[in-house]
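Residue strings, one per chain:
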2 protein chains.
Amino acid sequence: MEFEKLADILKALADPTRLKILSLLRTRDCCVCELVPIFNISQPAISKHVSRLKTAELVRETRKGQWVFYSINEKRLDEIGYALSNLPDLSEELRKLEQQGLTVTCE
Amino acid sequence: MEFEKLADILKALADPTRLKILSLLRTRDCCVCELVPIFNISQPAISKHVSRLKTAELVRETRKGQWVFYSINEKRLDEIGYALSNLPDLSEELRKLEQQGLTVTCE
DNA sequence: TATACATATAACAATATGGTTATATGGTTT
DNA sequence: AAACCATATAACCATATTGTTATATGTATA
């Protein structure tokens, strides 16, 4: 995964409210009106948080009557964990740097 | 790991420049003056990025003469991957919600 | 159809983020 | 001591983030 895209998904994860929402969704799918009383922020704030998670494909939504239920995309979460433990090999960049004589040698 | 702390570390990771710096450090330790020509941002910008990574304990620094070499803390990175795949169980919170009659049932 | 409820969007404010240039600090070398 | 090089910090700016309140939209129901 490219750095820009990985960074975007990490930004979606990098908020305590959104992490707690994801944790809650591990137990079961929830709709916005269930999440609101758990946090002390407004309904639009919760709505924006789940929307951010949806954009990053960390959750999916399903409308059921007047409610919209959100579910966690565990696969996406594992994908990110994997990407972090397997960051790309950039030794080629460092070799180029060396060819330009820009590396620091220091025994 | 608590949500606040995990979010802080994820914020440190959630930037393409910092992700690339971490990738470079996988190959070998680097000092700031080696990183600067790889990116087209200023030396102080790079300095602030590595400082952010250091605060999150994602890198460690070692002074060698006039240079400061940064090394990756792979353990920390794996820790985060693990935390993401094992978010806490908040079923208790949802049980409380149910007792308050705030859950939505919808067959 | 009118009303009610759940969710999303708009407009705004305060703060955080990521860059800049200028300058200070720490260590090396002449 | 003076000059030099690497790095960090300060002051600043533009933009992004995260919350607010007010309002629009979508669906169900009296």
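Please refer to the structure placed before this passage.
Quantities reported herein were computed from a predicted structural model and do not represent experimental measurements.

The rules behind each value
- Residues numbered from 1 in each chain as written.
- Chains lettered and ligands numbered in written order.
- Predicted model: local features only at pLDDT ≥ 70, side-chain atom pairs only at ≥ 80, totals over all residues.
- Heavy atoms only, no water.
- Helix = DSSP H or I, 4+ residues; strand = E, 2+ residues; numbered from the N terminus.
- Rg over C-alpha atoms; globule rule 2.2 N^0.38 Å.
- Buried < 20%, exposed > 50% of the residue type's maximum accessible area, 1.4 Å probe, protein only.
- Contact = heavy atoms within 4.5 Å.
- Least-squares fit on C-alpha atoms with pLDDT ≥ 70 in both.
- Pairing = 2+ DSSP bridges.
- Near = heavy atom within 4 Å.
- Polar contact = N/O pair within 3.5 Å; in protein donor to acceptor, adjacent residues only side chain to side chain.
- Nonpolar A, V, L, I, M, F, W, Y, C, P; charged D, E, K, R; others polar.
- Buried area = accessible area lost by both parts, 1.4 Å probe.
- Salt bridge = Lys/Arg side-chain N within 4 Å of Asp/Glu carboxyl O.

1. Remarks on the overall build of chain A
- Helix and strand content of chain A: six helices and three strands.
- The order of α-helices and β-strands along chain A, N terminus first, is α-α-β-α-α-β-β-α-α.
- The C-alpha atoms of chain A give a radius of gyration of 20 Å, which is well past the 13 Å a tight globule of 107 residues would have.
- With respect to the three principal axes, the spread of C-alpha positions in chain A is 65 × 25 × 20 Å.
- Taken over 107 residues, chain A has a buried fraction of 47%.

2. Section: the side chain of A:H49
Residues and elements named next belong to chain A.
- Mapped onto the elements, H49 comes out in helix α4 (residues 43-55).
- Using a relative accessible area of 14% as the deciding quantity, one classes H49 as buried.
- Ignoring any residue separated from it by four or fewer positions in sequence, one finds H49 in contact with D15, T17, R18, I21 and I41.

3. Quick notes on the relation of the copies chain B and chain A
- Screw-axis analysis of chain B against chain A gives a translation of 0.0 Å along the axis, an RMSD of 0.1 Å, and a rotation angle of 180 degrees. Taken together, the turn and the small shift mark the pair as related by a two-fold rotation axis. Residue B:G81 of chain B places its C-alpha closer to the rotation axis than any other residue of that unit, at 1.9 Å.
- Interface overlap between copies: 100% of the residues of chain B at the interface are likewise at the interface in chain A, consistent with a symmetric, same-surface contact.

4. Let's talk about the pairing of strand β2 (residues 59-64) of chain B
All names here are of chain B.
- In the sheet, β2 pairs with strand β3 (residues 67-72) via six bridges, with the strands oriented antiparallel. Across the sheet, T62 pairs through a bridge with F69, a residue of β3.
- From the end of β2 to the start of β3, which pair antiparallel, there are two residues, and G65 there has a positive phi angle of about 65 degrees.

5. Regarding the protein's contact with DNA strand D
- Near DNA strand D lie 24 residues; those nearest to it are A:S42, A:H49, B:C33, B:S47 and B:Y70.
- Contact between DNA strand D and A:D15: a phosphate oxygen at 3.3 Å from a side-chain N or O atom of the residue.
- Elements represented by at least two residues in the surface near DNA strand D include exactly α4 of chain A together with α3 (32-35), α4 (43-55) and β3 of chain B.
- Among the elements that line the surface near DNA strand D, the one with the most residues is α4(A), at five residues.
- Of the residues in the surface near DNA strand D, the class split is 10 nonpolar, seven polar and seven charged.

6. Digging into the interface of chain B and chain A
- Taken together, the contact pairs 46 residues of chain B with 46 residues of chain A.
- A buried area of about 4,100 Å², summed over both sides, lies between chain B and chain A, and 72% of it is on carbon and sulfur atoms.
- For chain B, the biggest contributors to the area lost against chain A are B:L87, B:L94 and B:V104; these three give 15% of the whole.
- Counting across the chain B and chain A interface gives two salt bridges.
- Between A:K20 and B:E93 there is a salt bridge, with its nearest N and O atoms 3.1 Å apart.
- The tally of links from chain B across to chain A stands at nine residue pairs in polar contact (both at pLDDT 80 or more).
- Looking at the side of chain B that touches chain A residue by residue, the class counts come to 28 nonpolar, seven polar and 11 charged.

7. Remarks on the protein's contact with DNA strand C
- Neighbouring DNA strand C are 25 residues; A:C33, A:S47, A:Y70, B:S42 and B:H49 lie closest to it.
- Counted by atom, the contact set of DNA strand C within 4 Å of the protein is 64% sugar and phosphate.
- Here A:S47 contributes a side-chain N or O atom positioned 2.6 Å from a phosphate oxygen of DNA strand C.
- Contacts to DNA strand C include A:Y70, whose side-chain N or O atom sits 2.5 Å from a phosphate oxygen.
- For the surface near DNA strand C, the secondary structure elements donating two or more residues are α3 (32-35), α4 and β3 (67-72) of chain A together with α2 (16-27) and α4 of chain B.
- Among the elements that make up the surface near DNA strand C, the one with the highest residue count is α4(B) (five residues).
- Here the surface near DNA strand C is built from residues that sort into 10 nonpolar, eight polar and seven charged.

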